[in-house]
Amino acid sequence: MGWASRVRDLFQQAKKVQPCIIFLDEIDAVGRQRGAGVGGGHDEREQTLNQLLVEMDGFDPKQTVIVIAASNRPDVLDPALLRPGRFDRQVVVDKPDIKGRRAILDIHIQEKKIDKDLDLDVIAKRTPGFTGADLANLLNEAALMAARQGKKIIQMTDVEAATDRVIAGPERKSKAMNEKEKEIVAYHEVGHALVAKFCQNTDPVHKISILPRGRALGYTLQLPQQDKYLMSRAEIEDQIKVLMGGRIAEDLKFQMITSGASNDIERATELARGYICNYGMSERLGARKYGKSQGYVFMAKDYSDHSKDYSEGTAREIDEEIRRLIDVCYAEAKQILIDNFDKLEEISKEILEKEVLDGKDFEALLSGVSSESESV
Ligand code: NHX
Ligand code: ZN
């Protein structure tokens with residue numbers, strides 16, 4: 001039986017057993033705009049889509065069959081699908097906010113044994129940007145961490161370790177690092193953390209680590225105090241300064257720079273491009289969009305096709321402006337690290353010993369109290 005006749009069959013069955021709901025997941029697989037495929041030859045798919053359109057038209061309002069579909073790409077759907085009488089209402093399901101994450105965590109802990117110290121509010125707060133699937137994965141990882149230690153219940157420390165793993169990748173304890181490189185990593189990370197500390201418009205430092213994880217040899221984690229949906233101009237500028245902080249610290253301490261800052265530089269460049277080309281924040285280039293993006297971001301990967309819709313002269317101006325913005329941020333971050341070089345030294349030495357500092361340790365070192373003397 002072909003797919004078109006299966007669609008017919010599905011709707012016939014639905015009418016027999018009504019009231020019922022037909023749920024079509026990933027509707028874009030069949031519902032993509034017709035005639036858009038390269039080279040055509042999507043006959044089977046078009047017939048399936050046509051059949052679906054026909055069935056939805058043939059709906060008698062007295063019938064109690066409801067059709068719901070889900071897609072991550074509503075923008076590519078055939079407009080015929082979205083006409084009145086078909087899928088005529090769209091419900092946007094965003095990533096969950098802090099309350100949503102709390103509620104989702106509640107569901108996923110049902111089938112798990114957890115310690116009474118597990119604070120779901122704290123976990124919800126520490127996981128901005130996580131989807132429902134990420135949160136389920138987080139608790140599964142936490143359960144594995146607990147099991148690996150022979151524990152029967154999940155504790156807060158397991159969730160903490162699992163969060164790091166989900167955000168930054170698996171720990172690579174076995175990765176042998178020579179002393180010189182460890183030192184470079186330490187200064188690089190503390191460079192990020194100090195610039196973050198001394199900029200006004202950044203999220204607080206939550207953790208600094210020089211234990212290799214995933215592709216990174218070290219990382220500095222900042223966490224927003226609450227869910228945020230907008231970035232101000234000052235926040236973008238400060239974020240670029242923070243990203244430059246790692247490279248600058250290497251340079252100030254060792255009078256040499258390494259390839260390690262590649263990811264920081266890539267992210268800073270993307271921020272600067274967004275600032276100028278998408279958010280209209282550059283005074284020189286004004287509030288205009290530069291470049292047509294067939295915007296589409298899937299699983300945090302940008303598959304946009306950035307096509308040029310400006311002159312060669314403007315292209316040069318954009319390149320100059322990106323460079324100028326990064327240079328200005330670099331200079332400001334450098335001044336912060338020069339002014340605080342003693343702290344860079346002190347905290348880098350501390351992290352070389354401890355390997356991980358949390359936000360509290362970092363703050364304590366900054367105010368000149370060591371965490372040990374505080375806890376005694
Ligand atoms: C390499 N890795 O590729 C080595 C193993 C500068 C102290 N030869 O900036 O680890 O150099 O603040 C996502 C996340 C590439 C994608 C991290 C792609 C890191 C990370 C290169 C620390 N922390 N760089 C950093 C780092 C490297 C890299 C990534 C990524 C280092 C730096 C990676
Ligand atoms: Zn870095």
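The model shown is predicted, which means the values in this text are computed figures rather than measured ones.

1. Description of the overall build of the protein chain
Moving on, step 1. What the protein chain contains, in helices and strands, is 14 helices and nine strands.
Moving on, step 2. With the C-alpha coordinates of the protein chain rotated into their principal frame, the extents come out at 75 × 65 × 35 Å.
Moving on, step 3. With 376 residues in all, the protein chain has 39% of them scored as buried.
Moving on, step 4. Accessible surface computed for the protein chain: about 22000 Å², of which carbon and sulfur atoms make up 51%.
Moving on, step 5. With 55 positive and 64 negative side-chain charges, the protein chain shows a separation of 4 Å between the mean positions of the two kinds.

2. Brief notes about the nonpolar core
Moving on, step 1. Residues L194, I240, I318, I347 and F362 are the most contacted members of the largest nonpolar core, which totals 48 residues.
Moving on, step 2. Listed by contribution, the elements that provide at least two residues to this core are α8 (179-198), β3 (205-209), α9 (233-254), α10 (262-278), α11 (312-339), α12 (341-354) and α13 (359-366).
Moving on, step 3. The residues contacting I318, other than those within four sequence positions of it, are R273, I276, C277, L285, Y290 and Y310.

3. Notes on the coordination of the zinc ion (ligand 2)
Moving on, step 1. Looking at the zinc ion (ligand 2), one finds its protein donor set to be H188 (NE2), H192 (NE2) and D264 (OD), positioned 2.0 to 2.1 Å from the metal centre.
Moving on, step 2. With six donor atoms in place around the zinc ion (ligand 2) and angles of 28 to 161 degrees between them, the coordination shape is irregular.
Moving on, step 3. On the primary sequence, the residues serving as donors to the zinc ion (ligand 2) are separated as H-x3-H-x71-D. A residue pair is termed long-range when its members are at least 10 positions apart, and H192 in helix α8 and D264 in helix α10 qualify at 72 residues. In this pair, the class of H192 matches that of D264, namely buried.

4. Some points on a nonpolar patch on the surface
Moving on, step 1. Among the surface-exposed residues, I21, F23, I66 and I68 lie close enough to one another that they form a single nonpolar patch of about 400 Å² accessible area.
Moving on, step 2. At the level of elements, β1 (20-24) and β2 (65-69) are the ones that each hand at least two residues to the nonpolar patch.
Moving on, step 3. Mapping I21 onto the fold places it in strand β1.

5. Observations regarding the sheet that holds strand β4 (residues 219-222)
Moving on, step 1. The three strands are arranged β4-β3-β9 in an open sheet whose pairing can be described as antiparallel. What marks the edges here is a single partner per strand, and that holds for β4 and β9 (356-358). Between one strand and the next, the sheet's axes are offset by a mean angle of 10 degrees, whatever the strand orientation.
Moving on, step 2. As judged from the four bridges shared by β3 and β4, these two strands associate in the antiparallel manner. Each bridged residue has a counterpart across the sheet, and for S209 the counterpart in β4 is Y219.

6. Looking at the packing of α12 against α13
Moving on, step 1. Two elements in contact, α12 and α13, have axes whose closest approach is 10 Å; the angle formed by their N-to-C orientations is 140 degrees. It follows from the interaxial angle that α12 and α13 lie oblique. Considering the relative orientation of α12 and α13, their crossing is right-handed. Residues K343, E346, I347 and E350 of α12 pack against F362, L365 and L366 of α13.
Moving on, step 2. Within the contact of α12 with α13, the residues separate by chemical class into four nonpolar, no polar and three charged.

Reading the values: the criteria
Residues numbered from 1 in each chain as written. Chains lettered and ligands numbered in written order. Predicted model: local features only at pLDDT ≥ 70, side-chain atom pairs only at ≥ 80, totals over all residues. Heavy atoms only, no water. Helix = DSSP H or I, 4+ residues; strand = E, 2+ residues; numbered from the N terminus. Buried < 20%, exposed > 50% of the residue type's maximum accessible area, 1.4 Å probe, protein only. Areas by Shrake-Rupley, 256 points an atom, 1.4 Å probe, with all protein chains shown as cover. Lys, Arg positive; Asp, Glu negative; His and termini not counted. Charge placed at Lys NZ, Arg CZ, Asp CG, Glu CD. Core = buried A, V, L, I, M, F, W, Y, C linked by side-chain atoms within 4.5 Å. Contact = heavy atoms within 4.5 Å. Donors = N, O, S within 2.8 Å, 3.2 Å for Na, K, Ca; no water. Tetrahedral: all angles 85-135°; square planar, octahedral: opposite > 155°, others 65-115°. Patch = residues over 30% accessible without salt bridge, like charges linked within 9 Å, V, L, I, M, F, W, Y side chains within 5 Å. Salt bridge = Lys/Arg side-chain N within 4 Å of Asp/Glu carboxyl O. Pairing = 2+ DSSP bridges. Axes fitted to C-alpha atoms, helices over the stretch in contact; angles between N-to-C directions. Parallel < 35°, antiparallel > 145°, perpendicular 65-115°, else oblique. Left-handed = near helix turned anticlockwise from the far one by under 90°. Nonpolar A, V, L, I, M, F, W, Y, C, P; charged D, E, K, R; others polar.

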